[in-house]
Amino acid sequence: MTPFIAEVIGTMLLILLGNGVVANVVLKDTKGNNSGWIVITTAWALAVFVGVTVAGPVSGAHLNPAVTIGLATAGKFSWDLVPSYIAAQMIGGMLGAFLVWLFHKDHFAITEDEGAKLACFSTGPAIRKTSSNLISEIIGTFVLVFTIFYFANPSISLQADPTAKVGLGSVGAIPVTFLVWVIGLSLGGTTGYAINPARDLAPRIMHAILPVKGSSDWSYAWIPVVGPVIGAIIAAVLYGFLK
C-alpha cells in the first residue's frame with residue numbers, strides 16, 4: 001500500500017458506496033427505490049467513513065482534489081505531491097463509478113429516466129442558474145475544508161511528527177462523517193453537493209464512456225470542479241489569516 005494506491009482505493013470505495021446509494025434510490029425496481037434524501041445523505045456520509053478508514057493511515061485520505069489543493073495552499077501539503085494525489089483520486093472515482101454501473105446494470109437497463117441515470121454518476125442543479133450553482137459549491141466546499149483544518153489541526157500534527165500525513169484521516173473517520181452528513185442535509189439540496197471534483201468529473205467521464213443512454217451534461221460539468229477548488233482555496237486563505 002502506497003499513498004497513491006490508498007487514494008485510488010479510498011476514492012473508489014467512496015464513489016462505489018456514495019453513488020451506489022443514489023442508484024439504489026433513483027433506479028427502477030431497486031429495494032431502496034424512492035427512499036429519499038435522508039437515505040442518500042446518510043449513506044454518502046458513511047461512504048466517507050469507509051474511504052477515510054481505509055486510506056487515512058497511508059495517504060491522509062484526502063479523496064478529494066479540493067482537499068488536496070486546500071492543504072497545499074495552506075502550506076500543509078507539498079505541491080509536488082498534488083498532481084499524483086489528484087490523478088489517484090480521478091482513477092479511483094472512475095473505478096468506483098464503473099462498479100456502480102456494473103452492480104446496478106440490470107436496473108440501469110430498465111430505467112427510462114435519463115436524468116435519474118446520470119444522477120447515479122454526477123451531480124446536477126435543482127434550479128439551473130450558473131451563479132447560484134457555483135456559489136453553492138463554493139460555500140459547501142468551504143465548510144468542508146475549513147472545518148477539516150480544525151479537525152486535523154495540521155500544524156500541531158506536523159510539530160509532533162514531521163512525517164505525519166495531513167488530511168482527513170489524521171483525526172479518524174467519524175468527525176468527517178458527521179461533517180459530510182450535515183453538509184448534505186443542510187447545503188446539498190441546490191446542486192447535490194459535489195464538493196469534490198473527483199466525485200463529479202470522474203464518474204461523469206464514465207457516464208460518457210459506459211453504455212448508459214443520455215447526455216452527460218458537460219455544459220454544467222465545470223461548476224462541480226471550479227466551485228470546490230475556489231471554496232477550498234478561500235478556506236485555506238482564511239485559515240492562514242486566522243491562525
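Scroll up for the structure.
Residues numbered from 1 in each chain as written. Predicted model: local features only at pLDDT ≥ 70, side-chain atom pairs only at ≥ 80, totals over all residues. Heavy atoms only, no water.

Colleague: I'd like to hear about the overall build of the protein, residue by residue, with values.
Modeller: Helix and strand counts for the protein stand at 11 helices and zero strands. In sequence order, the secondary structure elements of the protein are arranged as α-α-α-α-α-α-α-α-α-α-α. Relative to its length of 243 residues, the protein is compact, with a C-alpha radius of gyration of 17 Å against a globular reference of 18 Å. When the backbone C-alpha atoms are referred to their principal axes, the protein occupies close to 55 × 40 × 30 Å. Taking as baseline every contact in the protein between residues at least 6 positions apart, the subset at least 24 positions apart corresponds to 78%. Per element, the accessible surface of the protein, about 10400 Å² overall, is 69% carbon and sulfur. Of note, the protein has its 12 positive side-chain charges centred 2 Å away from the centre of its 11 negative side-chain charges. (Helix = DSSP H or I, 4+ residues; strand = E, 2+ residues; numbered from the N terminus. Rg over C-alpha atoms; globule rule 2.2 N^0.38 Å. Contact = heavy atoms within 4.5 Å. Areas by Shrake-Rupley, 256 points an atom, 1.4 Å probe, with all protein chains shown as cover. Lys, Arg positive; Asp, Glu negative; His and termini not counted. Charge placed at Lys NZ, Arg CZ, Asp CG, Glu CD.)

Colleague: Please give an account of unusual backbone geometry that cites residues and values.
Modeller: Phi at Asp-29 is positive, roughly 70 degrees, even though this residue is not glycine. Tracing the sequence through the fold places Asp-29 in the loop between helix H1 (3–26) and helix H2 (37–59). For Asp-29, a relative accessible area of 54% translates into the label exposed. You will see that Ile-195, though not glycine, has its phi angle at about 45 degrees, which is positive. (Buried < 20%, exposed > 50% of the residue type's maximum accessible area, 1.4 Å probe, protein only.)

Colleague: Pulling in residues and values, what's your account of the nonpolar core?
Modeller: Grouped together as the largest cluster of nonpolar side chains are 50 residues, with contacts concentrated most on Leu-14, Trp-44, Phe-108, Cys-120, Phe-121, Leu-144 and Phe-149. Broken down by secondary-structure element, the contributors of at least two residues to this core are H1, H2, helix H3 (65–73), helix H4 (82–103), helix H7 (130–152), helix H9 (174–187) and helix H11 (223–242). If you tally residues by element for this core, the top one is H1, at seven residues. Not counting the four nearest positions on each side in its chain, Phe-121 is found in contact with Asn-19, Ala-97, Trp-101, Phe-108, Arg-199, Asp-200, Pro-203, Met-206, His-207, Leu-210 and Val-212. (Core = buried A, V, L, I, M, F, W, Y, C linked by side-chain atoms within 4.5 Å.)

Colleague: An account of helix H10 (residues 197–209) is needed here, citing residue identities and associated values.
Modeller: End to end, H10 covers 18 Å across 13 residues, agreeing with the expected 18 Å (1.5 Å per residue, within 8%). Looking only at H10, the buried set comprises Pro-197, Ala-198, Arg-199, Asp-200, Ala-202, Pro-203, Arg-204, Met-206 and His-207. Looking at the buried residues of H10, the elements they touch are H1, H2, H3, H4, helix H6 (114–119) and H11. (Expected span 1.5 Å × (residues − 1).)

Colleague: Which residues make up the packing of H3 against H11, and what are the values?
Modeller: Orientation of H3 relative to H11, taken along the N-to-C sense of each, is 30 degrees, at an axis distance of 8 Å. Viewed along their axes, H3 and H11 adopt a mutual orientation that is roughly parallel. Two packed elements cross with a definite hand, and for H3 against H11 that hand is right-handed. For the pair H3 and H11, the contacting residues are Ala-66, Ile-69, Gly-70 and Thr-73 in the first and Pro-228, Val-229, Ala-232, Ile-233 and Ala-236 in the second. Classifying every residue of the contact of H3 with H11 by side-chain character gives seven nonpolar, two polar and no charged. (Axes fitted to C-alpha atoms, helices over the stretch in contact; angles between N-to-C directions. Parallel < 35°, antiparallel > 145°, perpendicular 65-115°, else oblique. Left-handed = near helix turned anticlockwise from the far one by under 90°. Nonpolar A, V, L, I, M, F, W, Y, C, P; charged D, E, K, R; others polar.)

Colleague: Before we move on, can you summarise the packing of aromatic side chains with the specific residues and values?
Modeller: On inspection of all chains with the given rule, the structure shows nine aromatic pairs. Between Phe-178 and Trp-181, the aromatic rings sit 6.1 Å apart at their centres with planes inclined by 35 degrees, giving tilted as the arrangement. Highlighted residues: Phe-178 and Trp-181, both in helix H9, separated by three residues, approximately one helical turn. On the basis of relative accessibility, which here comes to 51%, the residue Phe-178 falls in the exposed class. A relative accessible area of 29% places Trp-181 in the partly exposed class. (Phe/Tyr/Trp six-rings, centres within 6.5 Å; stacked < 30°, edge-to-face > 60°.)

Colleague: How would you explain the pattern of salt bridges if you had to name every residue and give the values?
Modeller: Enumeration according to the criterion identifies two salt bridges in this entry. In this structure, the salt-bridge partner of Asp-217 is Arg-128, at a minimum N-O distance of 2.7 Å. Taken together, the residues Asp-217 in the loop between H10 and H11 and Arg-128 in the loop between H6 and H7 connect sequence positions 89 residues apart. Taking the shortest distance from any N to any O, the salt bridge between Arg-204 and Asp-200 comes out at 2.7 Å. Here the residue Arg-204 and the residue Asp-200 both occupy positions in helix H10, the gap between them amounting to four residues, near one helical turn. Assessed through its relative accessible area of 0%, Arg-204 is described here as buried. In this structure Asp-200 comes out as buried when scored by relative accessible area, which is 0%. (Salt bridge = Lys/Arg side-chain N within 4 Å of Asp/Glu carboxyl O.)

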